[in-house]
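Structural overview for review
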Amino acid sequence: MQRIRLSENRRFLVREDGTPFFYLADTAWELFHRCTRGEAEWYLRDRAAKRFTAIQAVVLAESDGLNEPNSNGDVPLIDQDPTRPNEAYFRHVDAIVEIANRLGLVLAMLPTWGDKWNKQWGKGPEVFTPDNARIYGEFLGKRYRDADLIWVLGGDRPVKDDQHRAIVTAMAEGVSAGDGGTHLRTFHPVGGSGSANLFHDADWLDFNMWQSGHGRNSANYGQIAEDYARTPVKPVLDGEPGYEDHPAGFDLNNGYLEEYDNRKAIYWATFAGACGHTYGCHPIWQMWTRDREPYSFCRRPWFEAVALPGSGQMRHARALLESRPYLSRIPDQKLIVSDPGAGTHHVRATRDIDGRYALVYFPSAREAEIDLTPLHGSRINVFWYDPRTGGAEFRGQIDRAGTGKFTPPSTGPDWVLVLDDASQNFVAPGAR
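As the structure is a prediction and not an experimental result, all values here were calculated from the model.

Reading the values: the criteria
- Residues numbered from 1 in each chain as written.
- Predicted model: local features only at pLDDT ≥ 70, side-chain atom pairs only at ≥ 80, totals over all residues.
- Heavy atoms only, no water.
- Helix = DSSP H or I, 4+ residues; strand = E, 2+ residues; numbered from the N terminus.
- Rg over C-alpha atoms; globule rule 2.2 N^0.38 Å.
- Buried < 20%, exposed > 50% of the residue type's maximum accessible area, 1.4 Å probe, protein only.
- Contact = heavy atoms within 4.5 Å.
- Axes fitted to C-alpha atoms, helices over the stretch in contact; angles between N-to-C directions.
- Parallel < 35°, antiparallel > 145°, perpendicular 65-115°, else oblique.
- Left-handed = near helix turned anticlockwise from the far one by under 90°.
- Nonpolar A, V, L, I, M, F, W, Y, C, P; charged D, E, K, R; others polar.
- Pairing = 2+ DSSP bridges.
- Polar contact = N/O pair within 3.5 Å; in protein donor to acceptor, adjacent residues only side chain to side chain.
- Expected span 1.5 Å × (residues − 1).
- Right-handed = clockwise from strand over helix to strand, strands pointing away.
- Core = buried A, V, L, I, M, F, W, Y, C linked by side-chain atoms within 4.5 Å.
- Phe/Tyr/Trp six-rings, centres within 6.5 Å; stacked < 30°, edge-to-face > 60°.
- Lys NZ or Arg CZ within 6 Å of the ring centre and 35° of its normal.

Some remarks on the overall build of the protein
Helix and strand counts for the protein stand at 11 helices and 19 strands. For 432 residues, the compact-globule formula gives about 22 Å, and the C-alpha radius of gyration of the protein, at 22 Å, lands near that figure. Along the three orthogonal principal directions, the C-alpha set of the protein runs to about 70 × 45 × 40 Å. Counting every position in the protein, which comprises 432 residues, the buried fraction comes to 60%. The contacts in the protein between residues at least 6 apart in sequence include a share of 70% that link residues at least 24 apart.

Following this line, the structure appears as structure tokens:
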């Protein structure tokens, strides 16, 4: 198995042979806790077919994960002791990890939700100390040493004091002591913050993660750009933007987030420099069924929400980025000469460092003026790429001179402008 590591320029994730790994995750926090093996496989097959590459799931789950048994009737810890894992529970986790890996999916595994070390809210209880966190981490590291996974520390709780920091650090060191350092590690922060604010200089933090949160038009591009500019250089991604079918800002008066909101989040983030992205769906993270208490106005069962359109549209962003030279991509807002706008109308640009192509995301039908001079070649191929379908419309060639004004098709709302150096003879945007 080719392990995941950082690219040479430390901006992206790659396999050991240098092949780019686009982190396209779904948020399935309760996967191990609430799903049967058959349900998990059905869900994972759907996500693999939609070209997701990773699944974010929690071992000690948020929804009373220490006391409420899994689908087999097992709790994860004996007497809530992190040094006494329940073998029956972990055999169930093993099976789901094996299924996911067999389908080509990487597990982005959270050892625990954050209420088990900081019960600022949630059911907890707090069971971790620095000593038992390291023991538990080492247990997980040894058990999943040969699995295809990434460790995600944290779990949506703030690090408020030295004890919290020591617990997180000990668990991070424990998983790597157990697996011999074969897997990357990151940190899932509380909403509206990023891992770099807490651990950027920590040796154990391999790449950064933001939680931009569940409001509409959260400006994750600014958050990604902030971490992209940090030193030492580390990859960064938005690990929890607004979930599809989630009340915007947790307020029903704002309506529910839809696939358009998911599309804006992925293009804004990746064009700002993110090494990947996480999609989420409100019923799916909690694996909600009608016999359970819903979180935050959940309105449909998870097995129906699997078919919501946002999850199927994420693949088109991945396909577009992988259809052009991948490891040389940089963010470049200087391409946009006109006002890039804000909120729903914010335009975002990225390009190849050598000018072989540029991509500009238009979330609405407003015109934008683009600087063509950073591109290479005398002639530029112009395409409009549809983020709903993955289709590309060729609009001819133009001279690479000065600036150009571009207005997306009226059948939006959103489109991606693709500008290619014609001499490169690239495949159509999104083609494999």
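Structural notes on the packing of helix α2 (residues 37-49) against helix α3 (residues 87-102)
Close contact between α2 and α3 brings their axes to 10 Å; oriented N to C, the two are set at 25 degrees. When the axes of α2 and α3 are compared, the pair comes out roughly parallel. Crossing angle aside, the handedness with which α2 passes α3 is right-handed. Two secondary-structure elements touch here, α2 through R37, A40, E41, L44 and R45 and α3 through H92, A95, I96, I99, A100 and R102. Class assignment of the residues belonging to the contact of α2 with α3 gives a composition of six nonpolar, one polar and four charged.

Notes on the sheet that holds strand β19 (residues 415-421)
Pairing in this open sheet of six strands is antiparallel, and the strands run β12-β13-β14-β19-β16-β17 from one edge to the other. In this open sheet, the two strands that pair with only one neighbour each are β12 (329-331) and β17 (392-399). The sheet shows a mean angle of 20 degrees between the axes of neighbouring strands, direction not considered. Sitting on the sheet, helix α11 (residues 309-322) touches β12, β14 (357-362), β16 (379-385) and β19, and the angle it makes with β16 is about 170 degrees.

Considering the side chain of S176
With respect to the element layout, S176 can be found in helix α5 (residues 162-179). Of the residues examined, S176 reaches a relative accessible area of 14% and is grouped as buried. A distance of 3.0 Å separates polar atoms of two side chains, one belonging to S176 and the other to R185.

As for helix α8 (residues 259-271)
Its 13 residues place the ends of α8 18 Å apart at the C-alpha level, agreeing with the 18 Å of an ideal helix rising 1.5 Å per residue. Burial of α8 is extensive: 12 of the 13 residues sit out of reach of the surface. Turning to α8, its buried residues number three or more, namely Y260, D261, N262, R263, K264, A265, I266, Y267, W268, A269, T270 and F271. Residue G273 follows α8 closely and has a positive phi angle near 120 degrees.

A few points about the pairing of strand β9 (residues 208-211)
Residues of β9 alternate between two faces, with N208 and W210 on one and M209 and Q211 on the opposite face, all of them buried. Two elements, β9 and strand β10 (residues 236-238), share three bridges in a ladder whose sense is parallel. What sits directly across from M209, in β10, is L237. Following the chain from β9 across helix α7 (residues 220-228) to the adjacent parallel β10, one finds a crossover that is right-handed.

A closer look at α5
Taking 1.5 Å of rise per residue, the 18 residues of α5 would be expected to cover 26 Å, and the 26 Å separating its terminal C-alpha atoms lies within 8% of that figure. Buried within α5 are the following residues: H164, I167, V168, A170, M171, A172, G174, V175, S176, G178 and D179. In this structure, the buried side of α5 is in contact with β5 (106-112), α4 (130-143), β6 (149-154), β7 (185-188) and α6 (196-199). A distance of 3.1 Å separates the backbone nitrogen of Q163 from a side-chain oxygen at the start of α5, and that oxygen is part of D161. Once α5 finishes, G180 follows within two positions and takes phi at roughly 75 degrees, a positive value.

Quick word on the nonpolar core
L13, Y23, L31, F32, Y43 and Y144 are the most contacted members of the largest nonpolar core, which has 105 residues in total. It is α3 that provides the largest number of residues to this core, a total of seven residues. Those residues within four positions of Y144 in sequence are excluded, and the remaining contacts are F90, V93, D94, V97, M109, L149, W151 and H183. With 18 residues, the next largest nonpolar core counts I336, A358, V382 and W415 among its residues.

So, the packing of aromatic side chains
With the rule as written, the count across this model stands at 20 aromatic pairs. An angle of 65 degrees between the planes, with centres 6.3 Å apart, marks the rings of Y23 and F207 as edge-to-face. Remark: F207 occurs in the loop between α6 and β9 and Y23 occurs in strand β3 (residues 23-27); sequence separation between them is 184 residues. The two residues Y23 and F207 agree in class, both being buried. Three or more aromatic residues joined by ring pairs form one cluster here, namely W42, Y43, W302 and F303. Across the ring face of W415, the terminal group of R388 is positioned such that the distance to the ring centre comes to 5.2 Å.

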